[in-house]
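# Understanding the architecture of this molecule
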Amino acid sequence: MVNTGNIKTEQKNQLVKKVLITQPKPEGEKSPYFDLAKKHNIELHFHPFIIIDGIPAKEFRKQKIEIPNYTAVIFTSRNAIDHFFRACDEMKINISQDTKYFCITESVALYLQKFILYRKRKVFYGADGTNKSLFDVINKHKDNEKFLYPCSQSFDNEITNWLKNNQCEYATPVMYKIISNDIKEIIAKNYDVICFFTPGGVKSLLENFPKFKQNGTRIGVFGANTFKAAEEAGLTLDIQAPLPQAPSMVSALELYLTSLKKK
């Protein structure tokens, strides 16, 4: 019988046994997530709450955005990177070696290595994963630049508002669509912690369970926009990243799990 959204009640100080990561399982056997699970003797499950559907080149052309005319690209996720370069490949667009890349975190920046010669490119990233730190970096290099901010239909208004207020020329090419995944059977397994990485993941939870009740299940969020979406959904948040002491979800979980053992 599928759970209808009433997750079992857990005491806040109870040790964590099962954690759900709302992303695909890492490829290969090496991942800090696996090390974390072994160290703390927990079950770690992976299941994406969203499906990313790339917009084909034919549909993208209707937006009438000429990618070669822009000199800088802002990336806030790996999905944006994947579908930006996919679209460029489909349309046979060569990205200039002088293009500047501004990324929300170092991990997103390092993901560019799949597509560019990283060391020979102008790649910048925020200090702590917040929009403010991203803006600080962009502000140092924004003169005479024309920015692309690849995104889904729901983009970060804070970023576009900053670009507008700082008189930056920019465009927001929609590269992919976010579709809620069917997660009813997954949620029925009753996890102690659920970790979200995108506002779309939070939206998927609510679309699957309109009457969702947290009932003590602890929630982790990555990124300011995910934090905002979770708060607006009425969720109580226990774990947050990136922060200076927890730049990744793995490090945030490590801090949380360690703190529980000390109680």
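Above this text sits the structure in question.
Here is a short report on the structure shown in this document. (Residues numbered from 1 in each chain as written. Predicted model: local features only at pLDDT ≥ 70, side-chain atom pairs only at ≥ 80, totals over all residues. Heavy atoms only, no water.)

Next up on the list: the nonpolar core. Counting residues in each nonpolar core, the largest one holds 45 residues, and the members touching the most others are I67, I74, F75, F84, F102 and L112. In terms of residue count, helix α3 (residues 78–90) provides more of this core than any other element does, 6 residues in total. Not counting chain neighbours up to four residues away, the residues in contact with F102 comprise A72, V73, I74, F75, F124, L134, V137, I138, H141 and F147. By size, the runner-up hydrophobic cluster in this structure holds 23 residues, among which are Y33, L36, I42 and L44. (Core = buried A, V, L, I, M, F, W, Y, C linked by side-chain atoms within 4.5 Å. Buried < 20%, exposed > 50% of the residue type's maximum accessible area, 1.4 Å probe, protein only. Helix = DSSP H or I, 4+ residues; strand = E, 2+ residues; numbered from the N terminus. Contact = heavy atoms within 4.5 Å.)

What follows covers unusual backbone geometry. The step from A241 to P242 runs through a cis peptide bond, and the omega angle for that step is -5 degrees. Topologically, P242 is positioned in the loop between β12 (237–241) and α10 (249–262). Not every positive phi belongs to a glycine, and K64 is a case in point at roughly 55 degrees. Accessibility expressed as a relative area gives 73% for K64, which makes it exposed. Notably, K92 is not glycine yet its phi reads approximately 55 degrees, a positive angle. With relative accessibility at 73%, the residue K92 sits in the exposed group.

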